[in-house]
Amino acid sequence: MQDWSVLIQLGLGYLLIAATALSAALSWWGLELVLNRSHRWVTRPPHGPKLTAILSLAMRWTLLMMSASVWIWAMAFWGLRIFPTVEASVYFALVVFTTLGYGDVLLPVEWCLLGGLAAANGLLIFGLLTEMLVETLRQTRLRQRGRFGQDD
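Residues numbered from 1 in each chain as written. Predicted model: local features only at pLDDT ≥ 70, side-chain atom pairs only at ≥ 80, totals over all residues. Heavy atoms only, no water.

### A word on the pattern of salt bridges
How we decide: Note on definitions: salt bridges are taken to be side-chain nitrogens of Lys or Arg within 4 Å of carboxyl oxygens of Asp or Glu. Runs of E in the DSSP output that reach at least two residues are strands. Runs of H or I that reach at least four are helices, and both are numbered from the N terminus. When a residue's accessible area, from a 1.4 Å probe over protein chains only, is under 20% of the maximum for its type it is buried; when over 50% it is exposed; and in between it is partly exposed.
Counting across every chain of the model gives one salt bridge. R138 is the salt-bridge partner of E135, the closest N and O atoms lying 2.9 Å from each other. With a gap of three residues between them, E135 and R138 both fall in helix α5 (residues 112-144), about one helical turn apart. With a relative accessible area of 23%, E135 lands in the partly exposed category.

Following this line, the structure appears as structure tokens:
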């Protein structure tokens, strides 16, 4: 592997990580706008079904964000002609992004650093989205208890 290849892969990987982070941040901002509009509905009893509905919405939103992140990486793999088909690119991106690492599809040696960066990106996005799900539930419960905006 040549020195310039390493720099290209690192630069491209960091750009893709930034793109997935921006995509996730904008998407969660959109979800927050939706949740803020539902404030009055959420605070009226019964709380259990509404908490379930909010959790369901947040989980589906999270799945869409994860899918968008995988597709960002997949389109990069396909655009670079690392894989011959979109299907192979999506499959590899999903397997690496979720750190499953089956090993049945591999990157060519000249692109091997991208696999590690995609896996690191997956770990970061999973952690970020997990925290955001927890925060969504926390804020929903605080709203239902009439303590939204107050310290715990």
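### Some points on the packing of aromatic side chains
Short version of the rule: Each pair of aromatic rings taken from Phe, Tyr and Trp, with Trp reduced to its six-membered ring, is defined by centres within 6.5 Å and is described as stacked if the planes are under 30 degrees apart, edge-to-face if over 60, and tilted in the remaining cases.
Tallied over the entire structure, the rule returns four aromatic pairs. Considering the side-chain rings of F77 and F83, the 6.0 Å spacing of their centres and the 90 degrees angle between planes classify their relative orientation as edge-to-face. Both residues of the pair, F77 and F83, belong to the buried class. Between F77 and F92 the ring centres are 5.4 Å apart and the planes differ by 75 degrees, which places this aromatic pair in the edge-to-face class. Linking F77 in helix α3 (residues 47-79) with F92 in helix α4 (residues 86-97), this pair joins segments that are 15 residues apart in sequence. Accessibility classification places F77 together with F92 in one group, the buried group. Taken together, the aromatic side chains of W73, F77, F83 and F92 make up a single cluster linked through ring pairs.

### A few points about the confidence of the model for the protein
What counts here: pLDDT is a per-residue confidence score from the predictor, ranging from 0 to 100.
Per-residue confidence for the protein averages 90 on the pLDDT scale, and 95% of its residues sit at or above 70. Per-residue pLDDT, averaged within each element of the protein, yields its smallest value for helix α2 (residues 39-43) (84) and its largest for α4 (96).

### A look at the side chain of S89
Applicable threshold: In this description, contact between two residues means that some pair of their heavy atoms is separated by no more than 4.5 Å.
Of note, S89 is situated in helix α4. Leave out the neighbours within four places in its chain, and S89 touches A74, F77, W78 and F83.

### Brief notes about the packing of α3 against α5
The condition that has to hold: To get an axis, a line is fitted to the C-alpha atoms, and for a helix only the part in contact is used. The angle between two axes follows their N-to-C directions and goes from 0 to 180 degrees. Roughly parallel covers angles under 35 degrees, roughly antiparallel covers those over 145, roughly perpendicular covers 65 to 115, and oblique covers all other angles. Note: crossing handedness is left-handed where the near helix turns anticlockwise from the far helix by less than a right angle, and right-handed where it turns clockwise. By the convention adopted, Pro, Cys, Tyr, Trp, Phe, Met, Ile, Leu, Val and Ala count as nonpolar, Lys, Arg, Asp and Glu as charged, and the other residues, Gly among them, as polar.
Contact geometry for α3 and α5: axes closest at 10 Å, N-to-C directions at 165 degrees. By the angle between their directions, the pair α3 and α5 is classed as roughly antiparallel. Viewed along their axes, α3 and α5 form a crossing whose handedness is right-handed. For the contact of α3 with α5, the class distribution of residues is 17 nonpolar, seven polar and two charged.

### A look at the environment of L117
Here L117 lies in helix α5. On the basis of relative accessibility, which here comes to 12%, the residue L117 falls in the buried class. Ignoring sequence-local partners within four residues, the contact set of L117 consists of Q9, L10, G13, Y14, I17 and W73.

### Details of the environment of P84
Topologically, P84 is positioned in the loop between α3 and α4. Considered as a pair, P84 and S23 are 61 residues apart in the sequence and their alpha carbons are 26 Å apart.

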